[in-house]
Amino acid sequence: MLETTIATIGPLDEAAMAAARELHGRLTKPAGSLGALEELSVRLAGLAGACPPPLPEPAAVAIFAGDHGVHAQGVSPWPQEVTAQMIGNFLAGGAVVNAFARQAGAAVTVVDVGVATPLPAGDAPAGDGHVLDPGVPRLVDARVRPGTRDLAVTAALTRDEARAAVEVGIRVAHELVDAGAGILLTGDMGIGNTTPAAALVAAFTGTDPAGTTGRGTGVDDPTYRRKVEVVRAALERHRPDPADPLGVLAAVGGLEHAALAGLVLGAAGRRVPVLLDGVIACSAALAAAAFAPDAVGAMVAGHRSAEPGATLALRRLGLEPLIDLGLRLGEGTGALLALPVVTGAVRVLHEVATFDAAGVSEK
């Protein structure tokens, strides 16, 4: 599935992009007056191969959840059980991501790709009829293994496990697009998951771990220094090759990172935009781009996370974030807040009159 998906990913359609730029020049506004929104709408036209591109709706956020063996190294003050507990909160509709999803009218799918502890009683997968129901969060059981191994001691995953997690993400992308989703949003949950994210960003960008590692949930100075050294030691132990993205994910990644890379690849193969959230998604996007460079054409950077690795990853991908609010929650929250910006960029091409149609004189 991974190879066949990669084979479907192609470059943006230049003719559609040219048509979108030409249309922008005829709309009742000064040329370039919508700034970055204009180029965003042009890219989305290129992705769809049509001008105007389809409105990016309905929206579906996929929250991939997994645990991490590196938690044993003391990189997070939160107990690992919180991952499973937060899944219960997502399904009950009580998390920040749920509040933002209700505001945006986005469906929420929670994917257990590698949670280590049992989920709260009553958390059962919802029926197929709820795939894009914005009022009913649903759970998908796609657990590859109960958390990763400790990347400070050994490879986090085998290559087969990393591949399986990537393919979970691809399957979820296909399911959501088949159900009618016009845009996919990345979400994540996993106590300790900013540590593998920092390792992934360092591996793919060649940046020193001191530059890619942030404070995650807000760790104190001793924990932060330990976290940096854990990432540094893991990279020195495994020496992941950025030309081998599956190997990088296996060595220092997480199950949710691998699945998010698959979600991006699946969306790109279907020519559907994927709105990236924070550092977890950005680190996964680096892996997706290593698998298929043209996959970047499907990516939209929702926001600039406060985690330093996110900015480094976006710079490597050549993406500018739509909003910058100092967010570092994850879950898909920043992507959901950016969703109206993406929709507005496309709606301009659908609904704004041209100078000729409106009878407005041009300069």
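Below, the structure is looked at part by part. (Residues numbered from 1 in each chain as written. Predicted model: local features only at pLDDT ≥ 70, side-chain atom pairs only at ≥ 80, totals over all residues. Heavy atoms only, no water.)

**Let's talk about the overall build of the protein**
Then, number 1: Within the protein one finds 15 helices and 6 strands.
Then, number 2: Expected size for 363 residues packed as a compact globule is a radius of gyration near 21 Å; at 20 Å, the protein falls within 12% of this value.
Then, number 3: Referenced to the eigenvectors of the C-alpha coordinate spread, the extents of the protein come out at roughly 70 × 45 × 40 Å.
Then, number 4: Residues classed as buried in the protein amount to 58% of the 363 residues present.
Then, number 5: Taking contacts inside the protein between residues at least 6 apart in sequence as the whole, the part at least 24 apart equals 79%.
Then, number 6: Side chains of the protein carry 27 positive and 38 negative charges; the gap between the two charge centres is 4 Å. (Helix = DSSP H or I, 4+ residues; strand = E, 2+ residues; numbered from the N terminus. Rg over C-alpha atoms; globule rule 2.2 N^0.38 Å. Buried < 20%, exposed > 50% of the residue type's maximum accessible area, 1.4 Å probe, protein only. Contact = heavy atoms within 4.5 Å. Lys, Arg positive; Asp, Glu negative; His and termini not counted. Charge placed at Lys NZ, Arg CZ, Asp CG, Glu CD.)

**Considering the packing of aromatic side chains**
Working definition: an aromatic ring pair is given by the centre-to-centre distance plus the angle between the planes.
Then, number 1: Counting across every chain of the model gives 0 aromatic pairs.
Then, number 2: We note Arg215 situated over the ring of Tyr224; from NZ or CZ to the ring centre the distance is 4.8 Å. (Phe/Tyr/Trp six-rings, centres within 6.5 Å; stacked < 30°, edge-to-face > 60°. Lys NZ or Arg CZ within 6 Å of the ring centre and 35° of its normal.)

**Remarks on the side chain of Thr333**
Then, number 1: Secondary-structure assignment places Thr333 in helix H14 (residues 333–351).
Then, number 2: For Thr333, a relative accessible area of 3% puts it in the buried group.
Then, number 3: Side-chain polar atoms of Thr333 contact the backbone oxygen of Gly330, separated by 2.8 Å.
Then, number 4: Excluding residues that lie within four positions of it along the chain, Thr333 makes contacts with Val96, Val97, Phe100 and Asp277. (Polar contact = N/O pair within 3.5 Å; in protein donor to acceptor, adjacent residues only side chain to side chain.)

**A short note on the sheet that holds strand E5 (residues 274–276)**
Then, number 1: Reading across from one edge, E3-E2-E1-E4-E5-E6 is the order of the 6 strands in this open sheet, with parallel pairing throughout. Where the open sheet ends on each side, the last strands, each with one partner, are strand E3 (138–141) and strand E6 (299–301). Neighbour-to-neighbour, the strand axes of the sheet open up by a mean angle of 30°, direction not taken into account.
Then, number 2: Here strand E4 (residues 183–189) pairs with E5 via 2 bridges, running parallel. Among the inter-strand pairings, Leu184 is bridged to a residue of E5, identified as Val274.
Then, number 3: Those strands touched by helix H11 (residues 255–269) are strand E1 (59–66), strand E2 (107–114), E4, E5 and E6, and its axis lies near 175° from that of E4. (Pairing = 2+ DSSP bridges. Axes fitted to C-alpha atoms, helices over the stretch in contact; angles between N-to-C directions.)

**Concerning unusual backbone geometry**
Then, number 1: Here the residue pair Cys51 and Pro52 is connected by a cis peptide bond, since its omega of 0° sits within 30 degrees of zero.
Then, number 2: Along the polypeptide, Pro52 turns up in the loop between helix H3 (36–48) and E1.
Then, number 3: Backbone torsion omega between Glu57 and Pro58 reads -5°, so that peptide bond is classified as cis.
Then, number 4: Relative to the helices and strands, Pro58 is located in the loop between H3 and E1.
Then, number 5: With phi around 45°, Arg239 is a residue other than glycine that occupies positive phi space.
Then, number 6: Structurally, Arg239 can be placed in the loop between helix H9 (221–238) and helix H10 (245–252).
Then, number 7: Of the residues examined, Arg239 reaches a relative accessible area of 65% and is grouped as exposed.

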